[in-house]
Amino acid sequence: MTEIRTPRLVLRRWSDDDLVPLSEINADPEVMRRVGDGSVRGLEETAEDIERYEEEWDEEGFGLFAVELLASGELIGLVGLSVPDGAAADIEISWRLGRPFWGQGYASEAAHAVLEWALQDRGLDRVVAVTHLGDRASENVAAKLGMEAERDLDHPVLGVPLRVHAIDLTEYQA
């Protein structure tokens, strides 16, 4: 089982116990405002999401990790890698945390651990992060990862303006 530990977090594969806490995060309109088309997700949709995350792990050897607080075991969100749906051509790193966990450095801490794992352990040469244009919090996380803004584009299906940030193995500083 793939697991990454940071000073405050455990990043791990998904379990049945994650469904309710992730569905609570996905039900928050403020959290979901810059995810896909901005729609909240219910319990059934969240179950489908987790199933899809696990399928990607099985197919690709990477995926979105469940992120929990090391001290309490509380699920606080997700961070990981995915094959994008057409908004970018590279493997994408993304993050989504519950609102009570914003502004505490958890997203940066988890994303840094995933980026290091992607470039050093998974052998990826390049990783991108795709943010909604003007999402300063996510743009700050990308900058903390050493990613550079590469280009702006519109989502091919939703038409939402996006910014692609990128880093490759030669630019990465562990």
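Basis of the calculations
Residues numbered from 1 in each chain as written. Predicted model: local features only at pLDDT ≥ 70, side-chain atom pairs only at ≥ 80, totals over all residues. Heavy atoms only, no water. Helix = DSSP H or I, 4+ residues; strand = E, 2+ residues; numbered from the N terminus. Expected span 1.5 Å × (residues − 1). Buried < 20%, exposed > 50% of the residue type's maximum accessible area, 1.4 Å probe, protein only. Arc of directions from axis to C-beta. Contact = heavy atoms within 4.5 Å. Pairing = 2+ DSSP bridges. Phe/Tyr/Trp six-rings, centres within 6.5 Å; stacked < 30°, edge-to-face > 60°.

## Considerations on helix H3 (residues 43-60)
- When the terminal C-alpha atoms of H3 are compared, their 25 Å separation across 18 residues agrees well with the 26 Å that a helix rising 1.5 Å per residue should span.
- Residues of H3 that are buried include every one of Thr46, Asp49, Ile50, Tyr53, Glu54, Glu56 and Trp57, and no others. Down the axis of H3, the sector holding all buried residues measures 155°, keeping them to one side. Of the exposed residues in H3, those oriented more than 90 degrees away from the buried face are Glu44, Asp58 and Glu59.
- Buried-residue contacts for H3 involve helix H1 (19-26), strand E3 (64-69), strand E4 (75-82), strand E5 (92-97) and helix H4 (106-121).
- Gly61 lies just past H3 and shows a positive phi near 85°.

## Some words on the side chain of Glu109
- Residue placement: Glu109 occurs in helix H4.
- For Glu109, a relative accessible area of 16% corresponds to the buried category.
- In contact with Glu109, other than residues within four places in its own chain, are Thr6, Pro7, Arg8 and Leu9.

## Details of the pairing of E4
- Of all eight residues in E4, eight are buried, a share of seventy percent or more.
- From the end of E3 to the start of E4, which pair antiparallel, there are five residues, and Gly73 there has a positive phi angle of about 80°.
- Note: E4 against E5, six bridges, orientation antiparallel. In the sheet register, Gly80 faces E5, and the bridge partner there is Ser94.

## Focus: the side chain of Ser138
- With respect to the element layout, Ser138 can be found in helix H5 (residues 136-144).
- Look past the residues within four positions of Ser138 in its chain and what remains in contact with it is Trp95 and Thr131.

## A few points about the environment of Glu59
- The topology assignment puts Glu59 in helix H3.
- Take Glu59: its relative accessible area is 63%, and that puts it in the exposed class.
- Residues Glu59 and Pro84, spaced 25 residues apart in sequence, show a C-alpha to C-alpha distance of 14 Å.

## Details of the packing of aromatic side chains
- Under the defined criterion, the tally for this structure stands at five aromatic pairs.
- Aromatic side chains Trp57 and Phe65 sit 4.9 Å apart centroid to centroid with 75° between the ring planes, which places their arrangement in the edge-to-face category.
- Residue classification places Phe65 among the buried residues on the basis of a relative accessible area of 0%.
- Taking the centre distance of 5.3 Å and the plane angle of 70° together, the rings of Phe65 and Trp117 count as edge-to-face. With Phe65 in strand E3 and Trp117 in helix H4, this residue pair connects regions lying 52 residues apart in the sequence.
- Taken together, the ring pairs connect Trp57, Phe65 and Trp117 into an aromatic cluster.

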